[in-house]
Amino acid sequence: REDAHPDIVIDLGAARDVARVEISRGPGPRDFCKLLNLSIGAKVEGPWTEIWKEPRFQVHNTVTLQQPATARYVRIATDKSYFKLAYVRVYARDF
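Conventions adopted
Residues numbered from 1 in each chain as written. Predicted model: local features only at pLDDT ≥ 70, side-chain atom pairs only at ≥ 80, totals over all residues. Heavy atoms only, no water. Phe/Tyr/Trp six-rings, centres within 6.5 Å; stacked < 30°, edge-to-face > 60°. Lys NZ or Arg CZ within 6 Å of the ring centre and 35° of its normal. Helix = DSSP H or I, 4+ residues; strand = E, 2+ residues; numbered from the N terminus. Contact = heavy atoms within 4.5 Å. Salt bridge = Lys/Arg side-chain N within 4 Å of Asp/Glu carboxyl O. Buried < 20%, exposed > 50% of the residue type's maximum accessible area, 1.4 Å probe, protein only. Pairing = 2+ DSSP bridges.

A. Spatial organisation of the packing of aromatic side chains. Counting across every chain of the model gives zero aromatic pairs. For R89, the ring lying beneath its charged end belongs to Y87, and the centroid distance is 4.2 Å.

This is how it looks when you write it as structure tokens:
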């Protein structure tokens, strides 16, 4: 489905110290080449704090925070109409 500002929100179940996030698009056509941004928040409706913005398209991204950030929700979004992900892995401080 196309959406003006698509996103995926991951509920970690409780507040966690997020230290690293891996995002993979997997194989697929280049029409999924939308730049992503990663945000965290305490509530599913926000507000969101952006912690990373993809500088250029990559099939696989590993985002390692210099300091772990406490959050219950992790949000991956783009300003395009759609995107596809193969997997997302969120790691706590002790990965």
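B. Structural detail: the environment of L38. With respect to the helices, strands and loops of the structure, L38 is situated in strand β2 (residues 37–41). Apart from residues lying up to four places away in sequence, L38 is in contact with V21, T49, E50, I51, W52, V63, V74, R75 and I76.

C. Representation of the pattern of salt bridges in the model. Summed over all chains, the structure comprises five salt bridges. Salt-bridge contacts for E54 lead to R25; the nearest nitrogen and oxygen are separated by 2.8 Å. Residue E54 is located in the loop between β3 (49–53) and β4 (60–77), and its partner R25 is located in the loop between β1 (7–24) and β2; the two are separated by 29 residues in the primary sequence. The residues E54 and R25 share a single accessibility class, namely buried. Several salt bridges converge on common partners, so that one network encompasses R20, E22 and R89.

D. Focus on unusual backbone geometry. Following G46, the chain continues into P47 via a peptide bond in cis, with omega recorded as 5 degrees. Following the sequence through the fold, P47 ends up in the loop between β2 and β3.

E. Region of the structure containing the side chain of S24. Tracing the chain through its elements places S24 in strand β1. Its relative accessible area of 7% is what places S24 among the buried residues. Each residue touching S24, except ones within four places of it in the same chain, is listed here: V59, H60, L85, A86 and Y87.

F. Layout of the pairing of β1. Two strands pair when backbone bridges link them, and β1 and β4 are joined in this way by 13 bridges, in the antiparallel orientation. Note on β4: the bridge partner recorded for D7 is A77. Two elements, β1 and strand β5 (residues 87–92), share six bridges in a ladder whose sense is antiparallel. Note that in β5 the partner of S24 across the bridge is Y87.

G. Representation of the pairing of β2. Within β2, five of the five residues are buried, which leaves the element mostly enclosed by the surrounding structure. Burial along β2 is two-sided: N37, S39 and G41 facing one way and L38 and I40 facing the other are all buried. In this structure, β2 lies alongside β3, joined through four bridges in antiparallel fashion. The residue of β3 that forms the bridge with L38 is W52.

By themselves, these figures tell us nothing about what the structure is for.
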